[in-house]
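The residues making up each chain are set out below.
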Amino acid sequence: MIVDAGLDTVSDKYDVPEDVERQIKNQLRLFLEERNQWNIEKNLEELLNLGGGFVDRLNFLVPELSSKNKLRLLVSGCSVGSELIIARNHGFESVTGTEVVPEYVDIAIKRTAHIPKIDCLSYDGQKLPFSDGQFTCVISGHIIEHTPSPFSYFREHLRVLDEGGIFFLEFPDRYHPVELHTGTRSFEFLPWPF
């Protein structure tokens with residue numbers, strides 16, 4: 001059992017067995033190499049990290065939630081499952097992730113197979129495969145800026161949010177001049193000709 005610092009909550013600590021994580025890392029490395037991804041080792045570290053920004057996001061959010069809000073969480077753009085595991089460690093009762101990259105969904109399912117009440121689904125990026133009001137909390141960290149229609153994305157995630165639910169939306173803005181995924185300066189900070 002662990003106690004989350006500053007949160008006054010006790011929960012089981014879920015982790016990924018070393019042999020599973022080693023297999024996952026090799027599978028993810030091959031996937032990134034096949035797509036000619038740059039800086040593969042850095043990407044592996046960030047995608048498989050069970051700390052860093054994901055923990056910071058939840059450390060910020062969780063103290064603001066009621067116990068009802070921690071019943072059924074949807075993590076939009078769950079990648080390879082790191083945020084799903086961290087959410088369970090922060091006391092969310094049931095955690096569901098959605099992802100548009102089928103290979104990431106496969107990896108997330110393998111990484112979380114031993115953890116109860118975690119589910120990961122592939123979806124088309126348009127219509128969520130859930131009924132109205134199914135989740136008591138939705139987290140979307142740096143996903144909306146990658147969608148073809150941010151308004152439609154926002155509306156669809158509000159649709160699956162229960163009455164009184166919390167939608168935590170994090171995205172880059174002018175106060176964060178470096179884009180998190182590429183490390184480049186965001187558009188408004190580029191020299192005028194660009």
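Rules used throughout
Residues numbered from 1 in each chain as written. Predicted model: local features only at pLDDT ≥ 70, side-chain atom pairs only at ≥ 80, totals over all residues. Heavy atoms only, no water. Buried < 20%, exposed > 50% of the residue type's maximum accessible area, 1.4 Å probe, protein only. Helix = DSSP H or I, 4+ residues; strand = E, 2+ residues; numbered from the N terminus. Pairing = 2+ DSSP bridges. Phe/Tyr/Trp six-rings, centres within 6.5 Å; stacked < 30°, edge-to-face > 60°. Lys NZ or Arg CZ within 6 Å of the ring centre and 35° of its normal.

Participant: Just checking my understanding: could you explain the pairing of strand E6 (residues 135–141) for this structure?
Facilitator: The two faces of the sheet receive side chains in turn, since in a regular strand these alternate between them. With seven of its seven residues buried, E6 lies for the most part within the structure. Bridging between strand E3 (residues 72–76) and E6 involves four bridges; their strand directions are parallel. Along E6, the bridge assignment pairs serine 76 with serine 140. Of the strand pairs in this sheet, E6 and strand E7 (residues 161–170) are connected by six bridges, and their pairing is parallel. Across the sheet, residue phenylalanine 135 finds its bridge partner in E7, namely leucine 161.

Participant: What's the story with the packing of aromatic side chains in this structure? I'm lost.
Facilitator: What characterises a pair of aromatic rings is the spacing of the ring centres plus the angle enclosed by the ring planes. Taken as a whole, this structure holds four aromatic pairs when the rule is applied. For the ring pair phenylalanine 130 and phenylalanine 135, a centre distance of 4.9 Å and an interplane angle of 85 degrees mean the geometry is edge-to-face. For the pair phenylalanine 130 and phenylalanine 135, one class covers both residues: buried. Each ring, one from phenylalanine 154 and one from phenylalanine 167, has its centre 5.3 Å from the other, and the planes form 20 degrees; the classification is stacked. One end of the pair, phenylalanine 154, is in helix H6 (residues 150–159); the other, phenylalanine 167, is in strand E7, and 13 residues separate them in sequence. Look at phenylalanine 154 and you get partly exposed, because its relative accessible area is 33%. For lysine 70, the ring lying beneath its charged end belongs to phenylalanine 92, and the centroid distance is 5.9 Å.

The values reported here are purely geometric and, on their own, carry no functional implication.
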